[in-house]
Amino acid sequence: MIWRTVFIFVVLATLITVFVGWLTSIELLPISKVINYNDAGLRFIRVWIWLAIAIGSLNLSP
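The structure presented is a predicted model; accordingly, all values stated were derived computationally and were not measured. (Residues numbered from 1 in each chain as written. Predicted model: local features only at pLDDT ≥ 70, side-chain atom pairs only at ≥ 80, totals over all residues. Heavy atoms only, no water.)

### Observations concerning the overall build of the protein
Part 1 of the argument: Summing up its helical and strand segments, the protein has two helices and zero strands in all.
Part 2 of the argument: Compactness check: the protein gives a C-alpha radius of gyration of 17 Å against a globular reference of 11 Å for 62 residues, more than 25% above the reference.
Part 3 of the argument: If one aligns the C-alpha atoms of the protein with their principal axes, the spans along those axes are about 50 × 40 × 10 Å.
Part 4 of the argument: By residue count, 5% of the 62 residues in the protein fall in the buried class.
Part 5 of the argument: Surface exposure of the protein reaches about 6,100 Å², of which carbon and sulfur atoms provide 74%. (Helix = DSSP H or I, 4+ residues; strand = E, 2+ residues; numbered from the N terminus. Rg over C-alpha atoms; globule rule 2.2 N^0.38 Å. Buried < 20%, exposed > 50% of the residue type's maximum accessible area, 1.4 Å probe, protein only. Areas by Shrake-Rupley, 256 points an atom, 1.4 Å probe, with all protein chains shown as cover.)

### Examining the side chain of Thr24
Part 1 of the argument: Along the chain, Thr24 falls in helix α1 (residues 2-25).
Part 2 of the argument: Those residues in contact with Thr24 that lie beyond four places of it in its chain are Leu29, Ile31 and Lys33. (Contact = heavy atoms within 4.5 Å.)

### Observations concerning helix α2 (residues 39-57)
Part 1 of the argument: Relative to the 27 Å expected for 19 residues at 1.5 Å per residue, α2 spans 27 Å between its end C-alpha atoms, a close match to the ideal helical length.
Part 2 of the argument: Little of α2 is tucked away: one of the 19 residues are buried. (Expected span 1.5 Å × (residues − 1).)

### Quick notes on α1
Part 1 of the argument: Counted at 1.5 Å a residue, the expected span for α1 with its 24 residues is 34 Å, and the 35 Å between its end C-alpha atoms agrees.
Part 2 of the argument: One or two residues past the end of α1 sits Glu27, with phi positive at roughly 60°.

Laid out in structure tokens, this is it:
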């Protein structure tokens, strides 16, 4: 039963993301397609992504 819930959640989240992306691409939603970060923001994002990869790579199960 739990796998159905997870599957439905993934499908719905994907459909919502695609729908919002489509609405943005035809300029119906007032969302900017490009975010202009300054140098400090870009450095923070790079460090955050590498940290997420490192933590996600750890196998914490026994």
